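Breakdown of the fold
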Amino acid sequence: MVDPTGTIHEDFQGKSYGLRLTTRGIAKLQDKYGNNVAGLLDGTAGDLPKFGALLDLVSVSLQKGSNISVEEADEIADEMLTHDTEIVGRIISAAFPEEKSGNVKKPKKRAA
């Protein structure tokens, strides 16, 4: 389930976690893995993406969405991703909702 803030909510091992990938989180990942975050943001990661990038994306999202420490988020991310590899796609989809939702306005043309 996704809420209006772009947070997805996942039940895992008897607990509920929020995962939210924000601009700051993406910036951290870009600093480490490049602008397309090892191909995860533009779909060029291929059949075998970098596992470090996958783990870090889930961890950064857990830190923000559940307000937990890096260490705790890293441990949960490892278990969560091992259990459900499709979580990365859900996180990215929530972070980049489609423009047809009406949230994005076209810039106005400047008067000549």
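Residues numbered from 1 in each chain as written. Predicted model: local features only at pLDDT ≥ 70, side-chain atom pairs only at ≥ 80, totals over all residues. Heavy atoms only, no water.

1. So, helix H3 (residues 70–83)
The terminal C-alpha atoms of H3, which comprises 14 residues, lie 20 Å apart, in line with the 20 Å expected from a rise of 1.5 Å per residue. All of the buried residues in H3 are Ala73, Ile76, Ala77, Met80 and Leu81. Take H3 and look down its axis: the buried residues cluster within an arc of 125 degrees, on one side only. Across from the buried face of H3, at angles greater than 90 degrees, the exposed residues are Glu71, Glu75 and Thr82. At its buried positions, H3 is contacted by strand S1 (8–12), strand S2 (15–19), helix H2 (51–66) and helix H4 (87–95). (Helix = DSSP H or I, 4+ residues; strand = E, 2+ residues; numbered from the N terminus. Expected span 1.5 Å × (residues − 1). Buried < 20%, exposed > 50% of the residue type's maximum accessible area, 1.4 Å probe, protein only. Arc of directions from axis to C-beta. Contact = heavy atoms within 4.5 Å.)

2. Regarding the layout of surface pockets
Of the volumes computed, that of the largest pocket is approximately 150 Å³. Residue assignment for the lining of the largest pocket shows that the elements contributing at least two residues are helix H1 (23–33) and H4. Residues that form the lining of the largest pocket fall into these classes: 7 nonpolar, 4 polar and 1 charged. (1 Å grid on protein atoms, 1.4 Å probe; cavity = no way out; pocket = protein on both sides within 12 Å on 5 of 7 lines; lining within 4 Å. Points joined across faces, edges and corners; volume = space filled by probe spheres on them. Nonpolar A, V, L, I, M, F, W, Y, C, P; charged D, E, K, R; others polar.)

3. Describing unusual backbone geometry
Positioned with a positive phi, Gln13 is a non-glycine residue whose angle comes to about 50 degrees. Among the secondary structure elements, Gln13 is positioned in the loop between S1 and S2. Classification of Gln13 as exposed rests on a relative accessible area of 64%. The backbone of Ala38 sits at a positive phi, close to 55 degrees, despite the residue not being glycine. Examined against the element boundaries, Ala38 turns out to sit in the loop between H1 and H2.

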